[in-house]
Amino acid sequence: MPFKEIDISRIIKEKSEKDPEFKEAFREASAELDLIAQIIKTRKAKGLTQKDVADKSGLTQQMVSRIEKREYPPNYKNLVKIANALDTKLELVSK
């Protein structure tokens, strides 16, 4: 049986238009994914391991791993620690 192509962007858009709770949940999840992706990208660009970030931030390697895998939602204090360990800063920017 062949795979059926799905336009996930269209489905998300339609669901968001009909369901405000879904729209907000999707927005929050997307923002979290973007932030974590940026952390991983920056860590790798600097040639650092999760252990390096953990050592510099005072977190455990396991905690850094769980944050990167989205198994544990990062709180503000941990985000600041990770940003400092990466020699970066957290910044709000307009979309």
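The sections below set out a description of the structure shown in this document. (Residues numbered from 1 in each chain as written. Predicted model: local features only at pLDDT ≥ 70, side-chain atom pairs only at ≥ 80, totals over all residues. Heavy atoms only, no water.)

### A closer look at a nonpolar patch on the surface
Taken together, Ile6, Ile8 and Ile11 make up a surface patch of nonpolar side chains, about 290 Å² in accessible area. Within the secondary structure layout, Ile6 lies in the segment before helix H1 (8-18). Here Ile6 falls in the exposed class, since its relative accessible area comes to 60%. (Patch = residues over 30% accessible without salt bridge, like charges linked within 9 Å, V, L, I, M, F, W, Y side chains within 5 Å. Areas by Shrake-Rupley, 256 points an atom, 1.4 Å probe, with all protein chains shown as cover. Salt bridge = Lys/Arg side-chain N within 4 Å of Asp/Glu carboxyl O. Helix = DSSP H or I, 4+ residues; strand = E, 2+ residues; numbered from the N terminus. Buried < 20%, exposed > 50% of the residue type's maximum accessible area, 1.4 Å probe, protein only.)

### Some remarks on the layout of surface pockets
Of the pockets and cavities examined, the largest pocket occupies roughly 780 Å³. Around the largest pocket, the lining is made up of 22 residues, and of these Ala31, Asp34, Leu35, Leu90 and Glu91 lie nearest the centre. Of all the secondary-structure elements, those providing two or more residues to the lining of the largest pocket are helix H2 (20-45) and helix H5 (76-85). In terms of residue count, the dominant contributor to the lining of the largest pocket is H2 (nine residues). Partitioned by chemical class, the residues of the lining of the largest pocket number 11 nonpolar, five polar and six charged. (1 Å grid on protein atoms, 1.4 Å probe; cavity = no way out; pocket = protein on both sides within 12 Å on 5 of 7 lines; lining within 4 Å. Points joined across faces, edges and corners; volume = space filled by probe spheres on them. Nonpolar A, V, L, I, M, F, W, Y, C, P; charged D, E, K, R; others polar.)

### Some thoughts on the packing of helix H3 (residues 50-57) against helix H4 (residues 61-68)
Taken N-terminus to C-terminus, the directions of H3 and H4 make an angle of 115 degrees; their axes are 8 Å apart at the nearest point. Our pair here, H3 against H4, has a crossing hand that is right-handed. Residues Gln50, Lys51, Val53 and Ala54 of H3 form the contact with H4, whose own contacting residues are Gln61, Val64, Ser65 and Glu68. Across the contact of H3 with H4, the residue classes break down as three nonpolar, three polar and two charged. (Axes fitted to C-alpha atoms, helices over the stretch in contact; angles between N-to-C directions. Left-handed = near helix turned anticlockwise from the far one by under 90°. Contact = heavy atoms within 4.5 Å.)

### Examining H4
Where H4 is concerned, the buried positions are Val64, Ser65, Ile67 and Glu68. Down the axis of H4, the smallest arc covering the buried residues is 160 degrees, so these residues share one side. Next to the buried residues of H4 lie H2, H3 and H5. A positive phi of about 65 degrees marks Arg70, the residue just after H4. (Arc of directions from axis to C-beta.)

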